[in-house]
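Single-letter residue listing:
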Amino acid sequence: KNQVEQSPQSLIILEGKNCTLQCNYTVSPFSNLRWYKQDTGRGPVSLTIMTFSENTKSNGRYTATLDADTKQSSLHITASQLSDSASYICVVSANFGNEKLTFGTGTRLTIIP
Amino acid sequence: ETGVTQSPTHLIKTRGQQVTLRCSSQSGHNTVSWYQQALGQGPQFIFQYYREEENGRGNFPPRFSGLQFPNYSSELNVNALELDDSALYLCASSLSREVSYEQYFGPGTRLTVT
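Everything quoted here is computed from the prediction, not taken from an experiment.

Undergrad: Lay out the overall build of chain A in plain terms, naming residues and giving numbers.
TA: Assigned secondary structure in chain A consists of zero helices and eleven strands. Along chain A, helices and strands appear, N-terminal first, in the series β-β-β-β-β-β-β-β-β-β-β. Taken against the 2.2 N^0.38 rule, which gives 13 Å for 113 residues, the C-alpha radius of gyration of chain A at 14 Å falls within 12% of a compact globule. If you line up chain A on its principal axes, its C-alpha atoms span 45 × 30 × 20 Å. The proportion of buried residues among the 113 residues of chain A is 45%. Across chain A, the fraction of contacts at a sequence separation of at least 24, relative to all contacts at a separation of at least 6, is 56%. Within the structure as shown, chain A displays about 5,400 Å² of accessible surface, and the carbon and sulfur contribution to it stands at 50%. Charge centroids of chain A, computed over 10 positive and 8 negative side chains, lie 5 Å from each other.

Undergrad: Can you break down the packing of aromatic side chains residue by residue, with the values?
TA: All told, the structure shown has nine aromatic pairs over all chains when counted by the stated rule. Among the aromatic residues, ring-to-ring pairing joins Y36 and F103 of chain A together with Y35, F45 and F105 of chain B into one connected group. Across the ring face of Y62 of chain A, the terminal group of R61 of chain A is positioned such that the distance to the ring centre comes to 5.7 Å.

Undergrad: Tell me about the state of the cysteines, residues and numbers included.
TA: All names here are of chain A. Enumeration over the complete set of coordinates arrives at two disulfides over all chains. Between the sulfur of C23 and that of C90 lies a disulfide, 2.0 Å long from S to S. Looking along the S-S bond of the C23-C90 disulfide, the torsion reads about -65°, which is the left-handed sense. Highlighted residues: C23 in strand β3 (residues 19-26) and C90 in strand β9 (residues 86-94), separated in sequence by 67 residues. Across the pair, C90 and C23 agree in class, each one buried.

Undergrad: How would you explain the interface of chain A and chain B if you had to name every residue and give the values?
TA: Counting residues at the interface gives 22 residues for chain A, matched by 23 residues for chain B. In this structure, the connection of chain A to chain B is made through one salt bridge. Notably, a salt bridge pairs R34 of chain A with E102 of chain B, separated by 3.5 Å at the nearest N-O pair. For the side of chain A that touches chain B, the secondary structure elements donating two or more residues are β4 (30-38), β5 (45-51), β9 and β10 (101-103) of chain A. Residue contributions to the side of chain A that touches chain B peak at five residues, all from β4 of chain A. Classifying every residue of the side of chain A that touches chain B gives seven nonpolar, eleven polar and four charged.

Undergrad: So, the nonpolar core: which residues are in play, and what are the values?
TA: Ranked by internal contacts, the top residues of the largest apolar core, which has 25 residues, are Y25, L33, W35, L75, Y88 and V92 of chain A. At the level of secondary structure, the elements contributing two or more residues to this core comprise β3, β4, β5, β7 (62-67), β8 (72-77), β9 and β11 (107-112) of chain A. With five residues, β9 of chain A is the largest single contributor of residues to this core. Listed in part, the 19 residues of the second largest apolar core include L21, F60, L76 and V113 of chain B.

Undergrad: Can you tell me about the sheet that holds strand β6 (residues 56-59) of chain A, naming the residues and giving the values?
TA: All names here are of chain A. Read across the open sheet, the five strands follow the order β1-β3-β8-β7-β6; overall the sheet is antiparallel. At either end of the open sheet lies a strand with only one pairing partner, and these are β1 (3-7) and β6. The sheet shows a mean angle of 15° between the axes of neighbouring strands, taken without regard to direction. Across six bridges, β3 lies against β8 in antiparallel orientation. Counted as the bridge partner of C19 is I77 from β8.

Undergrad: Before we move on, could you go through unusual backbone geometry and cite the residues and values that matter?
TA: Going from S28 of chain A to P29 of chain A, the amide bond is cis rather than trans, its omega being -10°. In this structure, P29 of chain A sits in the loop between β3 and β4. In this structure, P8 of chain B follows S7 of chain B across a cis peptide bond, with omega equal to -5°. Take P8 of chain B: it is sitting in the loop between β1 (5-7) and β2 (10-13). The phi dihedral of E52 of chain B falls on the positive side, at around 75°, and the residue is not glycine. With respect to the element layout, E52 of chain B can be found in the loop between β5 (44-50) and β6 (53-57).

Conventions and cut-offs
Residues numbered from 1 in each chain as written. Chains lettered and ligands numbered in written order. Predicted model: local features only at pLDDT ≥ 70, side-chain atom pairs only at ≥ 80, totals over all residues. Heavy atoms only, no water. Helix = DSSP H or I, 4+ residues; strand = E, 2+ residues; numbered from the N terminus. Rg over C-alpha atoms; globule rule 2.2 N^0.38 Å. Buried < 20%, exposed > 50% of the residue type's maximum accessible area, 1.4 Å probe, protein only. Contact = heavy atoms within 4.5 Å. Areas by Shrake-Rupley, 256 points an atom, 1.4 Å probe, with all protein chains shown as cover. Lys, Arg positive; Asp, Glu negative; His and termini not counted. Charge placed at Lys NZ, Arg CZ, Asp CG, Glu CD. Phe/Tyr/Trp six-rings, centres within 6.5 Å; stacked < 30°, edge-to-face > 60°. Lys NZ or Arg CZ within 6 Å of the ring centre and 35° of its normal. Disulfide = S-S within 2.5 Å. Salt bridge = Lys/Arg side-chain N within 4 Å of Asp/Glu carboxyl O. Nonpolar A, V, L, I, M, F, W, Y, C, P; charged D, E, K, R; others polar. Core = buried A, V, L, I, M, F, W, Y, C linked by side-chain atoms within 4.5 Å. Pairing = 2+ DSSP bridges. Axes fitted to C-alpha atoms, helices over the stretch in contact; angles between N-to-C directions.

Right, dumping it as structure tokens:
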């Protein structure tokens, strides 16, 4: 069964600090990995998408890394802002099968002033 | 904003009732996927529609059914509502059913079953 695990479950940091969120997956055959930001009660919004051959991708203050050998990804947020408070969800796609996208349960990030 | 809209925003139903949720996809998108997201959890895949045909289904019972219309908008129907059906229901549209294509999510419909 395809699975995506994220850690930590929740995180509180001071505004301006950096943080790193982790994602481990067992999805096969792997197609791509995405990070989404989801504000409370809203739909997820895509931050980055990486294929097997990419090991890093940036989107402003967000930088995602992918190690396809160890099946791990991280999302690094630099110089955090209050608006970064949200859930961050790791989503892994498989090339085959009915359940093509497997979602992690997310990391709840809270930025405090 | 992604251009994907959902209605209604919130809904309260009683156990045993039936509900229909609606989704308008982004212009030009022929694929719509539906997800159920319980509080504090990640979205769970319900099913996907591509050009009016079901194209994959997650582990949900048959009382969860759907439709896609010629304009690619979509409906999610849930019969015989149970308390555990209370969740945020998300739809996402994309240009293609291929997993490499980006999915754009709507704001969701919050369903409460009492």
